[in-house]
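Chain by chain, the residues:
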Amino acid sequence: NAGVMQNPRHLVRRRGQEARLRCSPMKGHSHVYWYRQLPEEGLKFMVYLQKENIIDESGMPKERFSAEFPKEGPSILRIQQVVRGDSAAYFCASSPPSGRAPDTQYFGPGTRLTVL
Amino acid sequence: QQPVQSPQAVILREGEDAVINCSSSKALYSVHWYRQKHGEAPIFLMILLKGGEQKGHDKISASFNEKKQQSSLYLTASQLSYSGTYFCGTGGTGTGANNLFFGTGTRLTVIP
């Protein structure tokens, strides 16, 4: 029973390039969450998605960041024209469709993005 | 909206107890506790819901005081494997229920 999968685990980009982070939720989970963690800090909520729907993107920067969770395939967090300040660990979590919030969120191992 | 955790760091000897607190300036509806080891994914410990309940498994338990807008995590007879950073995440209501705000963490080190 595989947990939440994220890839790549480490990603290095130069300023101005695009970063694509992938998250495959646990089997049977239809809710995905993305968080960002800076060194020595807590997790910061970015976005909450269900299949083909963005439920809450209140934590997502207005520019350069986007997220999707298509009907088929993993959820993608996309950062365009990366800057040094985007360097962080990006964690994805998933939860089952319990129908009654709050859901228990299970985290993946994270993608460590380094912008040179 | 970010909850405040205390203490920021604590060092214990094996077998000692610890309490980690999580306080919010806003009304609490749910508190989610996680432990994260360096470079790894946060591991879910437990979730507490509005109602002032207390939960526990093995030697780790937690309480939720709605009036004080506070939750506490209790670790008893600590083991080396308890070392890590403990985070509390607080949830709101409605569409904000799953939008968790995490504290900055409490770093726990258990030494032999």
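In what follows, the structure referred to is the one given above.
Definitions and cut-offs
- The residue numbers shown here count from 1 along each chain, following its written sequence.
- For this description, chains carry letters from A and ligands carry numbers from 1, given in the order in which they are written.
- Totals for whole chains, interfaces and linings use all residues, but because this is a predicted model, local features are given only for residues with pLDDT of at least 70 and pairs of side-chain atoms are given and counted only at 80 or more.
- Excluded from the side-chain calculation are hydrogens and water; included are all heavy atoms of the structure.
- Each helix corresponds to a stretch of at least 4 residues labelled H or I by DSSP, and each strand to a stretch of at least 2 residues labelled E; elements are numbered beginning at the N terminus.
- Only C-alpha atoms enter the radius of gyration, while the globule expectation follows 2.2 Å times N to the 0.38, with N the number of residues.
- Note on classification: 1.4 Å probe, protein chains only; a residue is buried when its accessible area is under 20% of the maximum for its type, exposed when over 50%, partly exposed between these limits.
- Should any heavy atoms of two residues lie within 4.5 Å, those residues are considered in contact.
- When charges are counted, Lys and Arg contribute as positive and Asp and Glu as negative, whereas His and the chain ends are disregarded.
- A charge is said to be at NZ when it belongs to Lys, at CZ for Arg, at CG for Asp and at CD for Glu.
- Working definition of a nonpolar core: buried Ala, Val, Leu, Ile, Met, Phe, Trp, Tyr and Cys residues. They are joined through side-chain atoms within 4.5 Å.
- A carboxyl oxygen of Asp or Glu within 4 Å of a side-chain nitrogen of Lys or Arg is what we treat as a salt bridge.
- Pairing of N or O atoms within 3.5 Å defines a polar contact, subject to two protein rules: one partner must be a possible hydrogen donor and the other a possible acceptor, and residues neighboring in sequence count only if both atoms are side-chain atoms.
- Buried area, as used here, totals the accessible surface that two parts lose on assembly, with accessibility defined by a 1.4 Å probe and the loss added over both.
- Classification used: nonpolar for Ala, Val, Leu, Ile, Met, Phe, Trp, Tyr, Cys and Pro, charged for Asp, Glu, Lys and Arg, polar for all others including Gly.

Caption draft 1: Layout of the overall build of chain B. Of the regular secondary structure elements, chain B holds 0 helices and 11 strands. For 112 residues, the compact-globule formula gives about 13 Å, and the C-alpha radius of gyration of chain B, at 13 Å, lands near that figure. Seen through its C-alpha atoms, chain B measures out along the principal axes to roughly 45 × 30 × 20 Å. Classification of the 112 residues of chain B by burial places 46% in the buried group. Put simply, of all contacts in chain B between residues at least 6 apart along the chain, 55% involve residues at least 24 apart. Distance from the positive charge centre (10 side chains) to the negative charge centre (7 side chains) of chain B: 7 Å.

Caption draft 2: View of the nonpolar core. Residues Trp34(A), Met46(A), Leu77(A) and Tyr90(A) are the most contacted members of the largest nonpolar core, which totals 23 residues. Membership of the second largest hydrophobic core comes to 21 residues, among which are Val10(B), Ala18(B), Tyr86(B) and Val110(B).

Caption draft 3: Here's a closer look at unusual backbone geometry. Residue Pro8(A) is reached from Asn7(A) by a cis peptide bond, and omega for that bond is -5°. Residue placement: Pro8(A) occurs in the loop between strand 1 (5-7) and strand 2 (10-13). Of note, the bond from Ser6(B) into Pro7(B) is cis; its omega dihedral lies within 30 degrees of zero at -10°. Assignment of secondary structure puts Pro7(B) in the loop between strand 1 (4-6) and strand 2 (9-13). We note that Glu52(A) has phi near 65°; this positive angle belongs to a residue other than glycine. Unlike most non-glycine residues, Gln81(A) shows phi in positive territory, near 45°.

Caption draft 4: Layout of the side chain of Arg35(B). Residue and element names in this part refer to chain B. The topology assignment puts Arg 35 in strand 4 (residues 30-36). Here Arg 35 is buried and forms no salt bridge, its nearest opposite-charge partner Glu 40 lying at an N-O distance of 8.2 Å. A distance of 2.9 Å separates the side chain of Arg 35 from the side chain of Tyr 86, its partner in a polar contact. In this view, Arg 35 contacts Ala 41, Pro 42, Ile 43, Leu 45, Ile 60, Ser 81, Tyr 82, Ser 83, Thr 85 and Tyr 86; residues no more than four positions away in its chain are not counted.

Caption draft 5: Spotlight on the interface of chain A and chain B. At the interface, 24 residues of chain A touch 22 residues of chain B. When chain A packs against chain B, close to 1800 Å² is buried across both sides, 55% of that on carbon and sulfur atoms. Ranking the residues of chain A by area buried against chain B places Leu43(A), Pro102(A) and Phe107(A) at the top, with a combined share of 27%. Applying the counting criterion to the chain A and chain B interface returns 0 salt bridges. Applying the counting criterion to the chain A and chain B interface returns 5 residue pairs in polar contact (both at pLDDT 80 or more). Counting residues per element, the ones that place at least two in the side of chain A that touches chain B are strand 4 (31-37), strand 5 (43-50) and strand 10 (106-107) of chain A. A total of 4 residues in the side of chain A that touches chain B trace back to one element, the largest contributor, which is strand 5 of chain A. Considered class by class, the residues forming the side of chain A that touches chain B number 11 nonpolar, 6 polar and 7 charged.

Caption draft 6: Quick look at the side chain of His29(A). Residue and element names in this part refer to chain A. Position of His 29 relative to the elements: it lies in the loop between strand 3 (19-24) and strand 4. A distance of 3.4 Å separates the side chain of His 29 from the backbone nitrogen of Ser 95, its partner in a polar contact. In this view, His 29 contacts Ser 94, Ser 95, Pro 96 and Tyr 106; residues no more than four positions away in its chain are not counted.

Any link to function would need more than the numbers given here.
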